[in-house]
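# Structure at a glance
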Amino acid sequence: MRVLEVCQEFPNRYYPQLGTFIKQSIDSIADRGVEVTVISPKAFVLPFSGFPYHNFSKLPRLEHMKKYDLHYPRYLYAIPKKYFYPITGISYSRFVCRYAMRNINPKPELIHAHFSYPDGYGMMELAKKWKVPLVISALGTIERKVAYEGSYTSKQIIEAMNFADRILSVSEDLKTHIVRLGIDESKVEVVPNGVDTEIFKPAGKEHARNTLNLPQEKNIVLFIGALRKIKGVDYLIEAAKSFVNTDTDLYMVGRDDGLRKSLEKRAEELGISSFVKFTGPVNHEDIPLWISAADMLVLPSLSEGRPNVILEALSCEVPVVSTDVGGIPELMIEGETGYLVPAKDPVQLSEKINKLLENESRREKMGKYGRESIIQRGLTWEAHAKKTVDIYSELLSNHSK
């Protein structure tokens, strides 16, 4: 079975934090004996340090990885995004399809796009030309938010999902949103992401903190993710005024998507800047240590699909306080592996964080049960890959008839 896996957000040597869960998904699929080729399109960028993502210019067109070949075709990404995003999908389709037709040989039997936009929309033309099935992964905000905006991009997203032979939704909640868009329910399958329980396991708080040079004596509340509005980080800063102090720090781990300066300014205004630590992005290999070093993970998102960081925290025996949005309730067991709160509610967010901070034995009990629940429910990459490859096989069997 030959499959072309396509995703613009894929980790590379200059930006290793991009799409790490996509790589884990594709690696697990390759481990099941699928002959995988990966295309990770990158925008044409100016090779100057002041230009966003300027290191894309240094990436080769082709890298030979251990499990598959990885291609980096270029395409035009028009900015500012809020005005020109629809052009991105059109450019993606034209440039990437042309590259694939010339450079991917032998022709794959199936294409799997790991985001509905621009990957899914961009792969429609190639699937038509090659006459192969197209699978699109639906991961969250694009289908829950952008597709409902009524913009031209929304129409492109819906067009791609209508065209796809199968849509893989990460959660039941997201499947409901997709079907409401008018997509045929029979072709929407729920395929949860997984976690590697051998990588994400308790490392010991003392050891993790020593390794990362973090204080042993303080409570650590941890956020991991991009600093962007959709992650609810501004509400987390508001909540922090009620739980950070000389005994408790908040660590914000992840890349800056334009909010860091305003978040730092707000922390200063609230008088808590010395207790809020912005680390920037960290190596993905260090994430298990960061989680193990923490007393809890906090995810205050406004919209989510089924965030892997929650699986990773629970697998490391760390309880979670998160907003009750998207597929998050499908991962959490309220009151047993952590707490769920409404989105945009810093008061309830801080109340639940303080409830965990006040009781170490509760944190430990929730953490241990969190890992047990992950293993019992089979939320692993092996299970994810098996279900995905079974869907590939079914599509190819029907396609050959």
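Residues numbered from 1 in each chain as written. Predicted model: local features only at pLDDT ≥ 70, side-chain atom pairs only at ≥ 80, totals over all residues. Heavy atoms only, no water.

### Topic: helix 7 (residues 205-212)
Quick reminder: α-helices carry 3.6 residues per turn. Residues three or four places apart thus point the same way. We count it as follows: Using a 1.4 Å probe on the protein chains alone, a residue whose accessible area is under 20% of its type maximum counts as buried, one over 50% counts as exposed, and one in between counts as partly exposed. In this text, helices come from DSSP runs of H or I with a minimum length of four residues, and strands from runs of E with a minimum of two, each type numbered from the N-terminal end. The arc refers to the directions leading from the helix axis to the C-beta atoms. Note on contacts: a residue pair is in contact if any heavy atoms of the two residues lie within 4.5 Å.
Along helix 7, the residues classified as buried are Ala208, Arg209 and Leu212. End-on, the buried residues of helix 7 take up no more than an arc of 95°, which puts them together on one face. Along helix 7, exposed side chains directed more than 90 degrees from the buried face belong to Glu206 and Asn210. In this fold, the buried residues of helix 7 make contact with strand 11 (219-224) and helix 10 (287-293). Phi turns positive, to about 60°, at Asn213, one or two residues after helix 7.

### A look at the packing of aromatic side chains
Heads up, the condition is: Note on aromatic pairs: the rings of Phe, Tyr and Trp (six-membered ring only in Trp) are paired at centre separations within 6.5 Å, and the planes decide the class, stacked below 30 degrees, edge-to-face beyond 60, tilted for the rest. Here, a charge over a ring means that NZ of Lys or CZ of Arg falls within 6 Å of the ring centre while also lying within 35 degrees of the ring normal.
Evaluation of the coordinates by the stated rule reveals 8 aromatic pairs. Through a chain of ring-to-ring contacts, three or more aromatic side chains come together here, namely Tyr75, Tyr77, Tyr85, Tyr92, Tyr117 and Tyr121. Residue placement shows Arg98 over the ring face of Phe95; its charged tip is 5.8 Å from the ring centre. Above the ring of Tyr339, the side-chain terminus of Lys352 is found at 4.9 Å from the ring centroid.

### Quick notes on the sheet that holds strand 10 (residues 188-190)
Here is the rule: Two strands pair under a simple rule: DSSP has to find at least two bridges between them. Here the axes come from fitting lines to C-alpha atoms, over the contacting stretch only for helices, and the angles between their N-to-C directions go from 0 to 180 degrees.
Pairing is mixed across the open sheet formed by 8 strands, whose spatial order is 4-5-2-1-7-8-9-10. A single partner strand is all that each edge strand has here, and the edge strands are strand 4 (62-64) and strand 10. Averaged over all pairs of adjacent strands, the angle between strand axes in this sheet comes to 20°, irrespective of strand direction. Sheet topology note: the strand 9 (residues 166-169)/strand 10 ladder contains 3 bridges and is parallel. Within strand 10, the position partnered with Ile167 by the bridge is Val188.

### Some details on the sheet that holds strand 16 (residues 338-341)
Pairing in this open sheet of 6 strands is parallel, and the strands run 13-12-11-14-15-16 from one edge to the other. Since the sheet does not close on itself, it has two edges, and those belong to strand 13 (276-280) and strand 16, each with one partner. Averaged over all adjacent pairs, the angle separating strand axes in this sheet is 20°, with direction ignored. When strand 11 meets strand 12 (residues 248-253), the two strands line up parallel, connected through 6 bridges. For Phe223, the partnering residue across the bridge sits in strand 12 and is Met252.

### Notes on the pairing of strand 1 (residues 2-6)
Using the following cut-off: The definition of a right-handed crossover adopted here requires that, viewed with the strands pointing away, the path from the first strand over the helix to the second runs clockwise.
Judged by how many residues are buried, strand 1 sits mostly within the fold: 4 of 5 residues are covered. Pairing geometry for strand 1 and strand 2 (residues 35-39), over 5 bridges, is parallel. Pairing of Leu4 across the sheet is with Thr37, part of strand 2. Taken together, strand 1, helix 1 (residues 20-30) and strand 2 form a β-α-β motif whose crossover is right-handed. Where strand 1 and strand 7 (residues 110-113) come together, 4 bridges link them in parallel fashion. The partner of Val3 across the bridge, within strand 7, is Leu110.

### Section: a nonpolar patch on the surface
To be explicit about the condition: Only residues whose relative accessible area exceeds 30% and that take part in no salt bridge are eligible for patches, with like-charged residues grouped when within 9 Å of each other and nonpolar side chains (Val, Leu, Ile, Met, Phe, Trp, Tyr) grouped when within 5 Å. Throughout, the Shrake-Rupley method with a 1.4 Å probe supplies accessible areas, and for residues the shown protein chains are the sole cover considered. Any Lys or Arg side-chain nitrogen located within 4 Å of an Asp or Glu carboxyl oxygen qualifies as a salt bridge.
Taken together, the side chains of Tyr83, Phe84 and Ile87 present a nonpolar region at the surface, about 310 Å² in accessible area. For Tyr83, the location among the structural elements is in helix 2 (residues 81-103).

### A closer look at the packing of helix 2 against helix 3 (residues 116-130)
The test is simple: Relative orientations are named as follows: roughly parallel for angles under 35 degrees, roughly antiparallel for angles over 145 degrees, roughly perpendicular for angles from 65 to 115 degrees, and oblique for any other angle. Handedness of a helix crossing follows the sense of rotation of the near helix relative to the far helix, less than a right angle counterclockwise being left-handed and clockwise being right-handed. Amino acids outside the nonpolar list (Ala, Val, Leu, Ile, Met, Phe, Trp, Tyr, Cys, Pro) and the charged list (Asp, Glu, Lys, Arg) are all regarded as polar, and Gly is one of them.
Look at helix 2 against helix 3: their axes get within 8 Å of each other, and the N-to-C directions meet at 40°. Between helix 2 and helix 3, the angle is such that the two are oblique. Considering only the axes of helix 2 and helix 3, their crossing is right-handed. Contacts between helix 2 and helix 3 pair Tyr85, Pro86, Thr88, Gly89, Ile90, Tyr92, Ser93, Val96, Cys97, Ala100 and Met101 from the former with Tyr117, Pro118, Asp119, Tyr121, Gly122, Met123, Glu125, Leu126, Lys129 and Trp130 from the latter. Per-class residue counts for the contact of helix 2 with helix 3 are 14 nonpolar, 4 polar and 3 charged.

### Description of the packing of helix 3 against helix 5 (residues 152-163)
Their axes nearest at 9 Å, the elements helix 3 and helix 5 cross at an angle of 50°. Between helix 3 and helix 5, the angle falls in the class oblique. In this structure, the crossing between helix 3 and helix 5 has a hand that is left-handed. Of the residues in helix 5, those in contact with Ser116, Tyr117, Gly120, Tyr121, Met124, Ala127 and Lys128 of helix 3 are Thr153, Gln156, Ile157, Glu159, Ala160, Met161 and Phe163. Tallied by class, residues from the contact of helix 3 with helix 5 come to 8 nonpolar, 4 polar and 2 charged.

### Considerations on empty space enclosed by the protein
The condition is simple: In this analysis a 1.4 Å probe is tested at points of a 1 Å grid over the protein atoms alone, and where it fits but cannot get out there is a cavity; an open set with protein on both sides within 12 Å along at least five of seven lines is a pocket; lining residues have an atom within 4 Å of a point. Grid points are joined across faces, edges and corners, and a volume is the space filled by probe spheres set on the points.
This structure, assessed with the given rule, holds 2 cavities of 30 Å³ or more. Roughly 90 Å³ of volume is contained in the largest cavity. As for the largest cavity, its lining consists of 13 residues, of which Ser25, Ser137, Leu139, Asn193 and His384 are closest to the centre. If you list the elements that add at least two residues to the lining of the largest cavity, you get helix 1 and helix 15 (381-399). Ranked by the residues each element gives to the lining of the largest cavity, the list is headed by helix 1, at 3 residues. When the residues that make up the lining of the largest cavity are grouped by side-chain class, the tally is 6 nonpolar, 7 polar and no charged. Of the residues belonging to the lining of the second largest cavity, the class tally is 6 nonpolar, 1 polar and 2 charged.

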